[in-house]
Amino acid sequence: MPTNEEVIRELYRTAEIQDVDAFVKLFAEDGYFWDVSTGQKYFGPEIGKTVEIYAAAFPDMHRELLSFYVTGDVVVVELTLNGHHRGPLALPAGTIPATGNAIQAPCCDVFHLKDGKVQSFHCYTAATILLGQLSVLGNLGASFG
């Protein structure tokens, strides 16, 4: 059985190649993804929406994995989200049309695993930095299409 770090590295790899089915299969049946910055939680097949949303907005999305911290069944990853905003970014508050801007947003992800499956994935994206890099932070109300 792969180590917990290997499971999480595979999760990032499947997101990188936009293999939604493989991404979802890495989660336990009752597992979930929580996008903390938007307040949105995803369960079951809906977990794949997280990959689809970012792939649509940033088709060249690359997650640069900076540091891994593993303690038992908990894995914490520091990373940056990198890409160009070429498509609509669908958020619970509305959709931000493509700006063409590049992003390099810091992020910290916290995973809890059990028996080689992700029970929970809490994603802490630095949303203010990301929105600032998209040049929409100063006028959020007008930014949503």
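In the block above lies the structure referred to throughout.
All values reported here derive from a predicted model rather than from experimental measurement. (Residues numbered from 1 in each chain as written. Predicted model: local features only at pLDDT ≥ 70, side-chain atom pairs only at ≥ 80, totals over all residues. Heavy atoms only, no water.)

A. Examining the pattern of salt bridges more closely. Counting across every chain of the model gives four salt bridges. One salt bridge in this structure joins Glu5 and Arg9, with 2.9 Å as the shortest N-O distance. One end of the pair is Glu5 and the other is Arg9, both in helix H1 (residues 4–16) and four residues apart, which spans about a single turn. Classification of Arg9 as partly exposed rests on a relative accessible area of 39%. Residue Arg63 is joined to Glu16 by a salt bridge in which the shortest nitrogen-to-oxygen separation is 3.7 Å. Of this pair, Arg63 sits in strand E3 (residues 62–71) while Glu16 sits in helix H1, and the two are 47 residues apart along the sequence. (Salt bridge = Lys/Arg side-chain N within 4 Å of Asp/Glu carboxyl O. Helix = DSSP H or I, 4+ residues; strand = E, 2+ residues; numbered from the N terminus. Buried < 20%, exposed > 50% of the residue type's maximum accessible area, 1.4 Å probe, protein only.)

B. Empty space enclosed by the protein, seen in detail. If you walk through the whole model with that rule in mind, you get one cavity of 30 Å³ or more. Reported here for the largest cavity is a volume of approximately 270 Å³. Along its surface, the largest cavity is lined by 24 residues, and Phe33, Thr50, Tyr54, Arg63 and Cys123 are the ones closest to its centre. Breaking the lining of the largest cavity down by element, the ones donating at least two residues are H1, strand E1 (27–35), helix H3 (49–57), strand E4 (74–84), strand E5 (89–91), strand E7 (102–114) and strand E8 (117–125). A total of four residues in the lining of the largest cavity trace back to one element, the largest contributor, which is H3. (1 Å grid on protein atoms, 1.4 Å probe; cavity = no way out; pocket = protein on both sides within 12 Å on 5 of 7 lines; lining within 4 Å. Points joined across faces, edges and corners; volume = space filled by probe spheres on them.)

C. Summary view of the layout of surface pockets. Quantified by volume, the largest pocket comes out at close to 210 Å³. Lining the largest pocket are twelve residues, with Ser37, Thr38, Leu91, Ala127 and Leu131 positioned closest to its centre. In terms of residues, the lining of the largest pocket owes the most to one element, helix H4 (residues 127–133), which gives three residues. Here the lining of the largest pocket is built from residues that sort into nine nonpolar, three polar and no charged. (Nonpolar A, V, L, I, M, F, W, Y, C, P; charged D, E, K, R; others polar.)

D. Representation of unusual backbone geometry within the structure. With a phi close to 60°, Gln18 is a non-glycine residue in the positive phi region. A residue is classified by how much of its surface remains accessible, and Gln18, at 37% relative accessible area, is partly exposed. The backbone of Asp115 shows a phi angle near 55°, a positive value even though the residue is not glycine. Here Asp115 lies in the loop between E7 and E8.

E. Up close: the pairing of E3. Examined bridge by bridge, E3 and E4 share nine bridges and lie antiparallel to one another. Across the sheet, Thr71 pairs through a bridge with Val74, a residue of E4. Hairpin connection between E3 and E4: a loop of two residues separates the two successive antiparallel strands, and Gly72 in this loop has a positive phi of roughly 60°. (Pairing = 2+ DSSP bridges.)

F. Representation of the packing of aromatic side chains in the model. Applying the stated criterion across every chain, the model contains seven aromatic pairs. Counting every residue linked through ring pairs, the aromatic cluster contains Tyr12, Phe33, Tyr42, Phe111 and Phe121. Just above the ring of Phe68 sits the side chain of Arg9; from NZ or CZ to the centre is 4.0 Å. The ring of Trp34 carries Lys41 above its face, with NZ or CZ at 5.2 Å from the centroid. (Phe/Tyr/Trp six-rings, centres within 6.5 Å; stacked < 30°, edge-to-face > 60°. Lys NZ or Arg CZ within 6 Å of the ring centre and 35° of its normal.)

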